[in-house]
Amino acid sequence: MASATRRVVFVAAPGTEILDLVGPLQVFARAADIFGKKNPGASPIYSVEVVAASHRTSVMTNCGLRITAHKTFRQLRGRIDTLLVAGGSAIENDEIDVEVVRWLRKTAGRIRRIGSVCTGAMLLARAGLLDGRQATTHWNWCELLTKRCPRANVDPNPIFIRDGNVYTSAGITAGMDLALALVEEDHGSRLALQVARNLVLYLRRPGGQSQFSAALSLQLTDRKPLRELESWMLDNLNKPLTVPVLAQRVAMSPRNFARVFTREMKTTPAKFVERLRVEAARRRLEESQNSLETIAGECGFGNVNSMRNVFQRTLRIAPGQYRRHFRQVKHSSKAKAGRKTSFADFLEIL
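For clarity, every value in this text was computed on a predicted model and none was experimentally measured.

What counts as what
Residues numbered from 1 in each chain as written. Predicted model: local features only at pLDDT ≥ 70, side-chain atom pairs only at ≥ 80, totals over all residues. Heavy atoms only, no water. Helix = DSSP H or I, 4+ residues; strand = E, 2+ residues; numbered from the N terminus. Buried < 20%, exposed > 50% of the residue type's maximum accessible area, 1.4 Å probe, protein only. Right-handed = clockwise from strand over helix to strand, strands pointing away. Pairing = 2+ DSSP bridges. Contact = heavy atoms within 4.5 Å. Patch = residues over 30% accessible without salt bridge, like charges linked within 9 Å, V, L, I, M, F, W, Y side chains within 5 Å. Areas by Shrake-Rupley, 256 points an atom, 1.4 Å probe, with all protein chains shown as cover. Salt bridge = Lys/Arg side-chain N within 4 Å of Asp/Glu carboxyl O. Lys, Arg positive; Asp, Glu negative; His and termini not counted. Charge placed at Lys NZ, Arg CZ, Asp CG, Glu CD. Expected span 1.5 Å × (residues − 1). Axes fitted to C-alpha atoms, helices over the stretch in contact; angles between N-to-C directions. 1 Å grid on protein atoms, 1.4 Å probe; cavity = no way out; pocket = protein on both sides within 12 Å on 5 of 7 lines; lining within 4 Å. Points joined across faces, edges and corners; volume = space filled by probe spheres on them. Nonpolar A, V, L, I, M, F, W, Y, C, P; charged D, E, K, R; others polar.

**Quick notes on the overall build of the protein**
In step 1: Regarding its fold elements, the protein presents 16 helices and 11 strands.
In step 2: Split into buried and exposed, the 350 residues of the protein put 49% on the buried side.

What follows is the structure, encoded as structure tokens:
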């Protein structure tokens, strides 16, 4: 049972990316709603509000929809538990007033945790809050964030990163992944699972999961033979996908294929094949009940130990743990031994 209401504040600047704001906000709001219905009379676990990073509460988002914040940053008073900065064009173009930056720097020292969604990381960086820390943002803005904040260790791969009490996430839906992780951190996996199911989301993509899809990146190349190679590779993951084998499929010499592939895809064929196998294994772990041994064989890892090592290196989570995060149906821990699970129990699990 929660003993106090945690105050979650979202900072919205002109040109805010609306999904960076309302996606994570809805996660906290829905968590409070679900908890309240199951615990009538209890204090709300979250209060959620939007603060404008300007002198007016009216904020025009980047999609043309105007929103009204609860108050401006100047009007904000009282204790804050969690503060998250949404990304947007004013932040990306470095158009935020220096008064907001000073306020953010001062406020950060008085709250339990602070974070950003997408390019909101650039405002944290401007306030000096990312210096000496690991951080991420939307992959398309990582290079600029590195230039603006050379003292930060910017990683373009994870969907979100925690470094101390500072959290940064990639773009759009990754902000919802971060919000789910914060709910789980505060109130456990059961409530976070209920929120994710209610919003038809995964629970939860691990923070170390890559922002990039290997299959999608291969489709972006202008070279048709490489795009066609993708389908064949996905159908033959259990076979040896060596450079000579792949080169033969596109009628190229191994040396020329490796050179062209690395130039086009910005990675080696071996690393790319590994990413394809990880993504395929992830889908099987989420969608099937096949054993880890079967999945390792189908995806070309050879054995479970090899698959486990690759998962730990690329996703920072073991295959078995990954499956537990995404399993669709769980038995209630409250069910008594020998008693059949009723339909009411099933609804409670959901």
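Here the narrative resumes.
**Structural notes on the pairing of strand β2 (residues 46-52)**
In step 1: For β2, a buried count of 5 out of 7 residues is recorded, marking the element as mostly surrounded by other parts of the structure.
In step 2: In terms of handedness, the path from strand β1 (residues 6-12) via helix α1 (residues 18-38) over to β2 forms a crossover that is right-handed.
In step 3: Across 2 bridges, the pairing between β2 and strand β5 (residues 71-72) is parallel. Note that in β5 the partner of Val 51 across the bridge is Lys 71.

**What about the environment of Leu 104?**
In step 1: One can find Leu 104 in helix α3 (residues 98-108).
In step 2: Leu 104 gets classed as buried once you look at its relative accessible area, which sits at 1%.
In step 3: The spatial distance from the C-alpha of Leu 104 to the C-alpha of Ala 53 is 9.7 Å, given a sequence separation of 51 residues.
In step 4: Non-local contacts of Leu 104, meaning those with residues more than four positions away in its chain, are made with Leu 83, Val 85, Ile 114, Leu 123, Leu 124, Ala 127 and Leu 129.

**Here's the deal with a positive patch on the surface**
In step 1: On the surface, a cluster of positive charge is made up of Arg 255, Arg 259, Arg 263 and Lys 266.
In step 2: When you line up the elements, Arg 263 lands in helix α11 (residues 254-265).
In step 3: Taking relative accessible area as the criterion, Arg 263 reaches 41% and is therefore assigned partly exposed.

**Looking at helix α12 (residues 269-287)**
At 3.6 residues per turn, the α-helix brings residues three or four places apart onto the same side.
In step 1: Taking 1.5 Å as the rise per residue, α12 with 19 residues should run 27 Å; its terminal C-alpha atoms sit 27 Å apart, in good agreement.
In step 2: Residues of α12 that are buried include every one of Pro 269, Phe 272, Val 273, Leu 276, Arg 277, Val 278, Glu 279, Ala 280, Ala 281, Arg 282, Leu 285 and Glu 286, and no others.

**Considering the environment of Glu 95**
In step 1: Tracing the sequence through the fold places Glu 95 in the loop between α2 (89-92) and α3.
In step 2: Sequence separation between Glu 95 and Pro 14 is 81 residues, and the spatial gap between their C-alpha atoms is 9.1 Å.

**A short note on the sheet that holds β1**
In step 1: What the 7 strands build is an open sheet, ordered β5-β2-β1-β6-β7-β11-β10; its pairing is mixed. Every other strand in the sheet has two partners, leaving β5 and β10 (160-163) as the edge strands with one partner each.
In step 2: One ladder, built from 5 bridges, connects strand β6 (residues 82-86) with strand β7 (residues 113-117); its direction is parallel. Looking at the pairing, Val 85 lines up with Ser 116 of β7.
In step 3: Along the sheet, α3 contacts β1, β6 and β7; its crossing angle with β6, the most-contacted strand, is approximately 150°.
In step 4: The sheet strands contacting helix α6 (residues 174-187) are β1, β2, β6, β7, β10 and β11 (166-169), and the helix crosses β11 at an angle near 145°.

**Section: unusual backbone geometry**
In step 1: Phi is positive for Asp 94, close to 60°, though the residue is something other than glycine.
In step 2: By the secondary structure assignment, Asp 94 is in the loop between α2 and α3.
In step 3: The backbone phi angle of Cys 118 is positive, close to 55°, even though this residue is not glycine.
In step 4: Relative to the helices and strands, Cys 118 is located in the loop between β7 and α4 (121-126).

**Observations regarding the pattern of salt bridges**
In step 1: If you walk through the whole model with that rule in mind, you get 17 salt bridges.
In step 2: For the salt bridge of Arg 7 with Glu 49, the shortest nitrogen-to-oxygen distance reads 2.6 Å. Placement of the pair is Arg 7 in strand β1 and Glu 49 in strand β2, with a sequence separation of 42 residues. In this structure, Arg 7 and Glu 49 share a single accessibility class: buried.

**Details of α1**
In step 1: For α1, with 21 residues, the first-to-last C-alpha span of 30 Å sits near the 30 Å given by 1.5 Å per residue.
In step 2: Every buried residue of α1 is accounted for by Ile 18, Asp 20, Leu 21, Gly 23, Pro 24, Leu 25, Val 27, Phe 28, Ala 31, Ala 32, Ile 34 and Phe 35.

**Structural notes on empty space enclosed by the protein**
In step 1: Throughout the structure, instances matching the rule amount to 1 cavity of 30 Å³ or more.
In step 2: In this structure, the largest cavity spans a volume of roughly 30 Å³.
In step 3: If you trace the largest cavity, you find it lined by Ile 91, Asp 94, Ile 96, Met 122, Leu 123, Arg 126 and Arg 148.
In step 4: Per element, the largest residue contribution to the lining of the largest cavity is 3 residues, and it comes from α4.
In step 5: Class assignment for the residues of the lining of the largest cavity results in 4 nonpolar, no polar and 3 charged.

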